[in-house]
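So you can see what is in the structure, the chains are spelled out below.
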Amino acid sequence: MNSVADVWDNVLSQLKGELSETTINTWFDELEAVDIQGNTFILHCSNDFKKRSIETLFMKNIKASLRDIFSMDFEVRILDDAAYAEMNGTAKKQSDRFTSDEFTFDTFVVGPSNKLAYAASVAVAEHPAQNYNPLLIYGDSGLGKTHLIYAIANVIKKNDPHAKIAYVKGDDLTNELVAAIQAGPNKTAEMREKYRQADLLLVDDVQFIAGKKQTQEEFFHTFNNLYESGRQIVLTSDRPPSEMTMLEDRLRTRFEWGLLVDVAPPDFETRLAIVKNKAALLGLELPDKVAVFIAENVTANVRQLEGTINKIMAFKDLLGNEADEETVTRAIQDMLKRSNEYVPTPEAILEYISKYYNLEESVIRGQQRVRDAVAARQIAMYLIRSMTNLSLDDIGKQFDNRDHSTVLYSIKQVEKQMKKDAAF
């Protein structure tokens, strides 16, 4: 019996205290627990009438039971047969990425911004647990970190088809652990065995375990077990361990044992190569002028570049439009709009904080130690770190050239107050 089914059995037990046995037997007999993804509990029901009735009549009951079990709010999604079949196909496709031709080193476009990360990943793939263990690749979303760890798995799987590879996202690790604990000791032991028996452990977005005490405890022992038995660990994160303010020190030091490499936004030449490479893979004839136009205007990350090519391909296939500048402009206008409207600059954040606290920006940036100035300064530092790509050193430069340790202290102070005071 899997942990999701165990959780659902627990939910049904609670519902029996609120609803009659006839109601349970009539409406819930065709419901099957499928998965837990993030904060979403997924069910499957083949009967469309019962599915709609449950969504209308009993959704609040199910959510309340899940809240009692996990001490947190869950969304509930009920799949019909078509959605369930599509989900199963997607899950299978994801597991097949370790042997797919899509996520390989050959399809990864190398440039100055990712050259070291690429070289380190190749070295790990060819000689796992010999040189860089753990390997931690950090950088902003959409720059190719996940592509690299899939490429590592791809090579290791080809060299040893029997290699056990475990992949998990940081937030999913927490959810899986919570579900296993709720299901009982046997399920917790099963989860531990899955990760501790792996020849290669891949953890995407490991920063999400920071601040999760029990997850960090479990991962600490899993890390030690794999490391001491000579098996490879590869992690990705949106920041280096030194900037994971809520990560336990013992994990931070272990993450730094091996090699830390960063990936940065690609320069123009790399963006142009990515555009041409993606177009060639899709069989799309893209004029050089159009490829240059895309590379000049879509600058945030690789994912947006690839999304632009996919959208142009859709215009061509569905509407018969040629890949000219007009089509490209239509394809990228949503991304440009999102980029312009929703990514605040440090100056915009400081301007807002200045108005909120009724303080001059120069006071917030400066050295005054009056209470409001200190609070405003710390909150501004926290928001800039959370909402922009600036490093701790770069944030310090915005505040009268303070060093990174001062910025880190300010961020920790804000996080500490957030834990204590919900209103804050």
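Relevant structure appears above.
Values in this document were obtained by computation on a predicted structure and should not be read as measured data. (Residues numbered from 1 in each chain as written. Predicted model: local features only at pLDDT ≥ 70, side-chain atom pairs only at ≥ 80, totals over all residues. Heavy atoms only, no water.)

Visitor: Even after reading the chapter, I still don't get the overall build of the protein, so can you show me in this structure?
Guide: Helix and strand counts for the protein stand at 20 helices and 8 strands. Taken across its 424 residues, the protein has 46% of its residues classed as buried. Across the protein, contacts joining residues at least 24 apart in sequence account for 69% of those joining residues at least 6 apart. Element-wise, carbon and sulfur atoms account for 48% of the exposed surface of the protein, whose accessible area totals about 22200 Å². (Helix = DSSP H or I, 4+ residues; strand = E, 2+ residues; numbered from the N terminus. Buried < 20%, exposed > 50% of the residue type's maximum accessible area, 1.4 Å probe, protein only. Contact = heavy atoms within 4.5 Å. Areas by Shrake-Rupley, 256 points an atom, 1.4 Å probe, with all protein chains shown as cover.)

Visitor: Just to check I follow, could you spell out the pattern of salt bridges for this structure?
Guide: Oppositely charged side chains may form a pair once their charged atoms are brought near each other. Here the structure, examined in full by the defined rule, presents 18 salt bridges. When the shortest N-O distance is used, the salt bridge between glutamate 55 and lysine 51 registers 3.1 Å. Of this pair, glutamate 55 and lysine 51 are both found in helix α3 (residues 48–57), 4 residues apart, which corresponds to roughly one turn of the helix. Residue class for glutamate 55 comes out partly exposed when judged on its relative accessible area of 31%. Put simply, arginine 250 and glutamate 248 hold a salt bridge, and the shortest N to O gap is 2.9 Å. Note on arginine 250: relative accessible area 28%, which makes it partly exposed. By relative accessible area, glutamate 248 is classed as partly exposed at 22%. (Salt bridge = Lys/Arg side-chain N within 4 Å of Asp/Glu carboxyl O.)

Visitor: Just to check I follow, could you spell out the packing of aromatic side chains for this structure?
Guide: The relative placement of two aromatic rings is captured by the distance of their centres and the angle of their planes. Evaluated as defined, the whole model comprises 16 aromatic pairs. Centroid distance tryptophan 27 to phenylalanine 58: 6.4 Å. Interplanar angle 50 degrees. Geometry classified as tilted. Pair noted here: tryptophan 27 is in helix α2 (residues 21–27) and phenylalanine 58 is in the loop between α3 and α4 (59–70), with a separation of 31 residues, a long-range link. With 5.6 Å between their ring centres and 90 degrees between their planes, phenylalanine 105 and tyrosine 118 make a pair best called edge-to-face. Of the two residues, phenylalanine 105 is situated in the loop between α5 (81–95) and α6 (115–126) and tyrosine 118 in helix α6; the sequence distance between them amounts to 13 residues. Overall, phenylalanine 105 belongs to the buried group, its relative accessible area being 11%. Its relative accessible area of 23% is what places tyrosine 118 among the partly exposed residues. Here the aromatic residues Trp8, Trp27, Phe28, Phe41 and Phe58 are joined through ring pairs into a cluster of three or more. (Phe/Tyr/Trp six-rings, centres within 6.5 Å; stacked < 30°, edge-to-face > 60°.)

Visitor: Teacher, can you tell me more about the packing of helix α8 (residues 170–183) against helix α10 (residues 213–228) here?
Guide: Relative placement of two packed helices is described by the angle separating their axes and the distance separating the axes. Running from N to C, α8 and α10 cross one another at 95 degrees; their axes reach a closest spacing of 10 Å. If you check the angle between α8 and α10, you find them roughly perpendicular. Every residue of α10 that contacts α8 at Leu173, Thr174, Leu177 and Ile181 is listed here: Gln214, Thr215, Glu218 and Phe219. Looking at the contact of α8 with α10 residue by residue, the classes come out as 4 nonpolar, 3 polar and 1 charged. (Axes fitted to C-alpha atoms, helices over the stretch in contact; angles between N-to-C directions. Parallel < 35°, antiparallel > 145°, perpendicular 65-115°, else oblique. Nonpolar A, V, L, I, M, F, W, Y, C, P; charged D, E, K, R; others polar.)

Visitor: Mind showing me how you'd approach the environment of aspartate 9 here?
Guide: Structurally, aspartate 9 can be placed in helix α1 (residues 3–15). For aspartate 9, a relative accessible area of 36% gives the class partly exposed. A C-alpha to C-alpha distance of 9.7 Å links aspartate 9 and alanine 183, two positions 174 residues apart in sequence.

Visitor: Honestly, the sheet that holds strand β8 (residues 259–262) in this entry has me stumped. Any pointers?
Guide: Working definition: the strands of a sheet are paired by backbone hydrogen bonds and lie parallel or antiparallel to each other. Spatially, 5 strands are ordered β5-β6-β7-β4-β8 in an open sheet, and the strand pairing comes out parallel. Every other strand in the sheet has two partners, leaving β5 (165–169) and β8 as the edge strands with one partner each. Shown here is a sheet whose adjacent strand axes are inclined to one another by a mean of 15 degrees, direction ignored. Where β5 lies against strand β6 (residues 200–204), 5 bridges are found, and the strand directions are parallel. Bridging across to β6, tyrosine 167 finds its partner in leucine 202. Seen against the sheet, α8 touches β5 and β6 and runs at an angle of roughly 95 degrees to β5. (Pairing = 2+ DSSP bridges.)

Visitor: Explanation requested: helix α7 (residues 145–159) in the structure shown.
Guide: Given 3.6 residues per turn, any residue in an α-helix points the same way as the ones three and four places further on. Helix length check: α7, at 15 residues, gives a terminal C-alpha distance of 22 Å against a target of 21 Å (1.5 Å per residue), a fit within 8%. Within α7, the full set of buried residues consists of Lys145, His147, Leu148, Ile149, Tyr150, Ala151, Ile152, Ala153, Asn154 and Ile156. (Expected span 1.5 Å × (residues − 1).)

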